[in-house]
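A structural walkthrough
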Amino acid sequence: GSGGDEGCGVNTRRKEGGGAAGGGLGGASACAIVGGGGAGGPGRWVRYGGARRGDRLTVSRNGKPLASGGLEGVSKSGPLRLIPAGPVDFANLFVR
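About the cut-offs
- Residues numbered from 1 in each chain as written.
- Predicted model: local features only at pLDDT ≥ 70, side-chain atom pairs only at ≥ 80, totals over all residues.
- Heavy atoms only, no water.
- Helix = DSSP H or I, 4+ residues; strand = E, 2+ residues; numbered from the N terminus.
- Pairing = 2+ DSSP bridges.
- Axes fitted to C-alpha atoms, helices over the stretch in contact; angles between N-to-C directions.
- Contact = heavy atoms within 4.5 Å.
- Salt bridge = Lys/Arg side-chain N within 4 Å of Asp/Glu carboxyl O.
- Buried < 20%, exposed > 50% of the residue type's maximum accessible area, 1.4 Å probe, protein only.

**Some remarks on unusual backbone geometry**
We note that N62 has phi near 50 degrees; this positive angle belongs to a residue other than glycine. Mapping N62 onto the fold places it in the loop between β5 (56-61) and β6 (64-70). One non-glycine residue, N92, lies in the positive phi region at around 55 degrees. As for its placement among the helices and strands, N92 is situated in strand β8 (residues 88-95).

**Let's talk about the sheet that holds strand β4 (residues 45-53)**
Strand order across the open sheet formed by five strands is β6-β5-β4-β1-β8, with antiparallel pairing between neighbours. Each edge of the open sheet carries a strand with a single partner, namely β6 and β8. For this sheet, the mean angle separating the axes of adjacent strands, direction not counted, is 15 degrees. Across six bridges, β4 lies against β5 in antiparallel orientation.

**Regarding the environment of G70**
Within the fold, G70 resides in strand β6. For the pair G70 and L57, spaced 13 residues apart in sequence, the C-alpha to C-alpha distance is 6.2 Å. Setting aside residues no more than four positions away along its own chain, G70 makes contact with D55 and R56.

**Comments concerning the pattern of salt bridges**
All told, the structure shown has two salt bridges when counted by the stated rule. Ionic pairing is found between R13 and D89, a salt bridge with its closest N-O pair at 2.8 Å. Separated by 76 residues along the polypeptide, R13 in strand β1 (residues 5-14) and D89 in strand β8 bring together distant segments of the chain. Residue class for R13 comes out partly exposed when judged on its relative accessible area of 27%. Under the relative-accessibility criterion, D89 is labelled buried at 17%. A salt bridge links K15 to D89; the shortest N-O distance between them is 3.3 Å.

Given below as structure tokens:
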């Protein structure tokens, strides 16, 4: 992205009996993102967003800050993973 900023976003919806949905950047478990129960019950859509600015990652849930941390040593290229823990729907994925 412009100015060295990258970002991503995805909507998730837990199904009945489903667990958390998670993800990671650059194939590194050190920057894994896990969302889950605090975001509402089964059937509710939740929007997760992530923004990387330099060596900092900020994660939001439904537009509210969820976590922030350093990404020192994490590659600036590599896979973006979506990892369901049970039945989960994903929608409206974007990456920039």
